[in-house]
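Geometric and topological summary
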Amino acid sequence: GPGPHPVLAARGLRVRYGGFTALDGVGLDVAAGRVTAVVGPNGAGKSTLFHCLAGTLRPAGGRVLFDGWDVTRLPAHARTRLGIARTFQQLAVFPTLTVAENVRIGAEHGRIADPAAVERALRLFGLDGPVRTLPAAGLPTGTLRRVELARAFAGAPRVLLLDEPAAGLDTAEVAALARVLRALAADGTALLVVEHDLDLVAGLADVVHVMAAGRVVASGPPGGVLDAAGAREVRP
Ligand code: ADP
Ligand code: MG
């Protein structure tokens, strides 16, 4: 039957870079309380889709809907205010600011600027100890990924968009990440995860969309979809 009402939805998205078609009519739903994953080989269009959802790229065709409202023309900062938060594939923390200051910025730019939400985010991602007063510069990748996640979560988002959140993490960190993301989804946040790590996706996602050459070529629960689409063969 039909899934839950989507918080965020893509409908028929088309993107061209010069003569090259990067997205060729992509549609999917991101629902509250679920982890939705997008997988596929390099160049499939995953990050391009992500940018259309976050508002950093305007598609040539198609629509992005938030709570059923057309936000296709809303710039990224306005979407953040509505509750569409994201992290970056290339880490984008402010190096001279402390961990807590970085996370506070997320609350200030988010849906709700609540100091309690900053503390909750620091706690949730294990950043409420002495590390909170350290400048971000020089912290290990795993810690910086958690700073980014905490910053995105501190604005009380309705949707969290994560582009390769496991990149650069070791096995224990990936397992910890999966636990936190599951907890966020269980708490009602809608999560979209673009990810190369198919073991993480298999253990984390409720729904997986496999992309190839700018299209969604398979969708469903992780069990069948990842194997049926041959996604495991294109693993880097
Ligand atoms: P993925 O994230 O799945 O690896 P991308 O969305 O980054 O894929 O890229 C999809 C395709 O679009 C690739 O062939 C890539 O080379 C191309 N592409 C991405 N960004 C640009 C750009 N700014 N200009 C031209 N081509 C681009
Ligand atoms: Mg990418």
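Bear in mind that the values here come from a model prediction, so they are computed numbers and not experimental data.

**Some details on the overall build of the protein**
Scanning the protein from N- to C-terminus turns up eight helices and 10 strands. In summary, the protein has a C-alpha radius of gyration of 17 Å against a globular reference of 18 Å for 236 residues, a match within 12%. In terms of principal-axis extent, the alpha carbons of the protein reach across some 45 × 40 × 35 Å. Across the 236 residues in the protein, those meeting the buried criterion constitute 45%.

**Considerations on the sheet that holds strand β1 (residues 6–17)**
Pairing between the strands of a sheet comes from backbone hydrogen bonds, and it takes one of two forms, parallel or antiparallel. Spatially, β2-β1-β4-β5 is the arrangement adopted by the four strands of the open sheet, whose pairing is antiparallel. Across the chains shown, the open sheet's two edge strands, defined by having one partner strand only, are β2 (20–31) and β5 (69–70). When β1 meets β2, the two strands line up antiparallel, connected through nine bridges. Among the inter-strand pairings, Val15 is bridged to a residue of β2, identified as Leu23. Across the sheet, helix α1 (residues 46–54) is in contact with β1, β2 and β4 (61–66); its angle to β1 comes to roughly 120 degrees.

**Some details on the site of ligand 1**
The immediate surroundings of ligand 1 are formed by Tyr17, Phe20, Ala22, Gly40, Asn42, Gly43, Ala44, Gly45, Lys46, Ser47 and Thr48. Among the elements that make up the shell around ligand 1, the one with the highest residue count is α1 (three residues). Each residue belonging to the shell around ligand 1 can be placed in one class, and the counts come to four nonpolar, six polar and one charged.

What counts as what
Residues numbered from 1 in each chain as written. Chains lettered and ligands numbered in written order. Predicted model: local features only at pLDDT ≥ 70, side-chain atom pairs only at ≥ 80, totals over all residues. Helix = DSSP H or I, 4+ residues; strand = E, 2+ residues; numbered from the N terminus. Rg over C-alpha atoms; globule rule 2.2 N^0.38 Å. Buried ≥ 20, exposed ≤ 12 C-beta atoms within 10 Å, placed from the backbone. Pairing = 2+ DSSP bridges. Contact = placed C-beta atoms within 7 Å. Axes fitted to C-alpha atoms, helices over the stretch in contact; angles between N-to-C directions. Near = placed C-beta within 6 Å. Nonpolar A, V, L, I, M, F, W, Y, C, P; charged D, E, K, R; others polar.

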